[in-house]
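Notes for the structure review
These are the residues of each chain, in order.
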Amino acid sequence: MAELIATVNGATIDDKALNAAMQSLAQENFHATLDEVPPDSRVELRSMALERLIARELIFQAALAEGFVADDASVEEETARILRMMGNPKDFWSRLTECGLDKASFLRMVRKDVTVDQMSARKLETVEEPGENEVRRFFADYPDQLRDHERVQASHILIPVDPDDPDKALERARALKTRAEQEDFAEIARQHSACVSAPGGGELGMIRREDVDPAFADAAFSQVVGEVGNPVKTPYGYHLIKVTAHEIPAPPTLEDSRHRIIGFLKKTRGARLLQEWVAHLRQEADIVLHGN
């Protein structure tokens, strides 16, 4: 039997809904399942999940008060999207049944979620366009946020380290470097790299600093294009890196950045608007928390 967690103007939030919200937040914030989240972080995650569920219920009730509910077409579209994500529809409905949720209950949940999303979108339609002075001020104050990322096109060969003989990997990396300077780098990567990129000749494509380990990034972004660098050690082993292109974007102009700035300012203003709206709805609501 489901455990009651909270009521919002009489509408209930149970432990099943809370657990589902916590699972979703664990994926968003930690890129992990809830079981993989450290115990200390679960307390905060629970609080965030409960706040999200309360806000969702408040927005849904506000929509009902205005006589607004998501239409059948929108619900069917969202249901189809969920089924595509989950794979085999028959398996999905079977798993729902095992969790004690029938198809009708699931569709009610989907309609509620779509209603909340659409009601929030309607609220965001009232967000004003930022003025020219705001756009210019943002452009002057936050140039680094507007600049495109510096990138390199790189390939690598990964030599894992044997904990029992760590020097062996470095010796092998140095020997492969000598060969890679004289032979085809991609072919050596295909034959000797331990990375999943090996079948493609070690090609990593265009990468930003934040895409790779800091030691790898420091080496790749300082190397001469076309040369094979010295072995670089990361937690994965030793890398031989070959950079084939290096892009350093020019400083953006105001006109180049205008659309991005307007989008960012509207998104920030919209998030603040929704937050204030939910806070107002909460002040007017009868919210009771149960249990721990």
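As a reminder, the structure under discussion sits directly above these lines.
Attention in this report is confined to the structure presented alongside it.

Here is what the cut-offs are and how they apply
Starting from 1, residues in each chain are numbered consecutively following that chain's sequence as written. It should be noted that, the model being predicted, local features are given only for residues of pLDDT at least 70 and side-chain atom pairs only at 80 or more, the latter also being counted only at that level, while totals for whole chains, interfaces and linings use all residues. As a rule here, side-chain values come from all non-hydrogen atoms in the structure, and water together with hydrogens is ignored. Nonpolar cores are built from buried Ala, Val, Leu, Ile, Met, Phe, Trp, Tyr and Cys residues. Side-chain atoms within 4.5 Å join them into one set. With a 1.4 Å probe rolled over the protein chains alone, any residue whose accessible area is under 20% of its type maximum counts as buried; one over 50% counts as exposed, and the rest are partly exposed. Counting from the N terminus, the helices are DSSP H or I runs at least four residues long and the strands are E runs at least two residues long. Two strands form a pair only when DSSP identifies at least two bridges running between them. Here an axis means a line fitted to C-alpha atoms, over the contact stretch when the element is a helix, while the angle between two N-to-C directions is reported on a 0 to 180 degree scale. Whether a crossing is left-handed or right-handed is set by the direction in which the near helix is turned from the far one by less than a right angle, anticlockwise for left-handed and clockwise for right-handed. In what follows, a contact means two residues having at least one pair of non-hydrogen atoms within 4.5 Å. Note on residue categories: nonpolar means Ala, Val, Leu, Ile, Met, Phe, Trp, Tyr, Cys or Pro, charged means Asp, Glu, Lys or Arg, and polar means any other residue, Gly included. In this scheme Phe, Tyr and Trp rings, the latter by its six-membered ring, pair at centre separations within 6.5 Å, and the angle between planes marks the pair as stacked below 30 degrees, edge-to-face above 60, and tilted otherwise. Only when the NZ of Lys or the CZ of Arg is both within 6 Å of the ring centre and within 35 degrees of the ring normal is a charge said to sit over the ring. Nitrogen and oxygen atoms within 3.5 Å of one another constitute a polar contact, given that in protein one can donate a hydrogen and the other can accept it, and given that sequence-neighbouring residues count only through two side-chain atoms. A side-chain nitrogen of Lys or Arg and a carboxyl oxygen of Asp or Glu constitute a salt bridge if their distance falls within 4 Å. What goes into a patch is any residue over 30% in relative accessible area without a salt bridge, connected to like charges within 9 Å or, for nonpolar side chains (Val, Leu, Ile, Met, Phe, Trp, Tyr), within 5 Å. Surface accessibility follows the Shrake-Rupley procedure with a 1.4 Å probe radius. Residue values consider only the protein chains on display as shielding. Positive residues here are Lys and Arg, negative ones are Asp and Glu, while His and the chain termini are left out of the count. Every charge is mapped to an atom, namely NZ of Lys, CZ of Arg, CG of Asp or CD of Glu.

**Details of the nonpolar core**
Judged by nonpolar contacts, the single largest core of 29 residues is most densely connected at Leu18 and Leu58. At the level of secondary structure, the elements contributing two or more residues to this core comprise strand 1 (4–8), helix 1 (15–30), helix 2 (39–65), helix 5 (103–124) and helix 11 (254–284). Here the element with the most residues in this core is helix 2; it accounts for 11 residues. Formed by 13 residues, the second largest nonpolar core is a distinct cluster that contains Ala173, Phe185, Val228 and Leu240.

**Describing the sheet that holds strand 5 (residues 232–234)**
Pairing is antiparallel in the open sheet, where four strands are placed in the order 4-3-6-5. Each having just a single partner strand, strand 4 (203–208) and strand 5 make up the two edges of the open sheet. Direction aside, the axes of adjacent strands within the sheet are offset by 45 degrees on average. Where strand 5 lies against strand 6 (residues 237–247), three bridges are found, and the strand directions are antiparallel.

**Some details on the pairing of strand 3 (residues 151–159)**
Among the nine residues that make up strand 3, seven are buried, leaving the element largely enclosed by the rest of the structure. Pairing of strand 3 with strand 4 involves five bridges; the strand directions are antiparallel. Across the sheet, the residue bridging to Arg151 is Arg208, located in strand 4. In terms of strand pairing, strand 3 meets strand 6 through nine bridges, oriented antiparallel. Across the sheet, residue Ala154 finds its bridge partner in strand 6, namely Val243.

**What to know about unusual backbone geometry**
Although it is not a glycine, Asn9 sits at a positive phi angle of roughly 55 degrees. The class of Asn9 is partly exposed, set by a relative accessible area of 41%.

**A word on the packing of helix 1 against helix 2**
It is at 8 Å that the axes of helix 1 and helix 2 come closest, and there the two elements cross at 115 degrees. For the pair helix 1 and helix 2, the sense of crossing is right-handed. Across the interface between the two elements, Ala17, Leu18, Ala21, Met22, Ser24, Leu25, Ala26, Glu28, Asn29 and Phe30 from helix 1 touch Ser41, Arg42, Leu45, Arg46, Met48, Ala49, Leu50, Arg52 and Leu53 from helix 2. Tallied by class, residues from the contact of helix 1 with helix 2 come to 12 nonpolar, three polar and four charged.

**Digging into the packing of aromatic side chains**
Using the criterion set out here, one finds two aromatic pairs in the structure. Each ring, one from Phe138 and one from Phe264, has its centre 5.1 Å from the other, and the planes form 45 degrees; the classification is tilted. Of the two residues, Phe138 sits in helix 6 (residues 132–141) while Phe264 sits in helix 11, which places them 126 residues apart along the sequence. Since its relative accessible area comes to 8%, Phe138 is described here as buried. Through pairs of rings, three or more aromatic residues link up here, namely Phe138, Tyr142 and Phe264. One cation-aromatic arrangement involves Arg122 over Phe68; the distance from NZ or CZ to the ring centre is 4.6 Å. For the cation-ring pair, Lys233 lies above Tyr238, with the distance from its terminal atom to the ring centre recorded as 5.9 Å.

**Regarding the side chain of His156**
Among the secondary structure elements, His156 is positioned in strand 3. In terms of polar contacts, His156 uses its side chain to reach the side chain of His239, at 3.0 Å.

**Examining the pattern of salt bridges**
Per the counting criterion, the structure on display carries 18 salt bridges. Close ionic contact of Glu129 with Lys266 constitutes a salt bridge, the shortest N to O distance being 3.0 Å. A residue pair is termed long-range when its members are at least 10 positions apart, and Glu129 in the loop between helix 5 and helix 6 and Lys266 in helix 11 qualify at 137 residues.

**Notes on a negative patch on the surface**
Taken together, the side chains of Asp162, Asp164, Asp165, Asp167 and Glu171 present a region of like negative charge at the surface. With respect to the element layout, Asp162 can be found in the loop between strand 3 and helix 8 (166–182). Judged by relative accessible area, Asp162 falls into the partly exposed class, the value being 40%.

**Re the sheet that holds strand 2 (residues 11–14)**
Strands belonging to one sheet form pairs held by backbone hydrogen bonds; the direction of such a pair is parallel or antiparallel. Here three strands make up an open sheet; going across it, the order is 2-1-7 and the pairing antiparallel. Only two strands of the sheet have a single neighbouring strand rather than two, namely strand 2 and strand 7 (287–289). If you compare each strand with its neighbour and ignore which way they point, the axes differ by 20 degrees on average. Here strand 1 runs beside strand 7; their pairing, made up of three bridges, is antiparallel.

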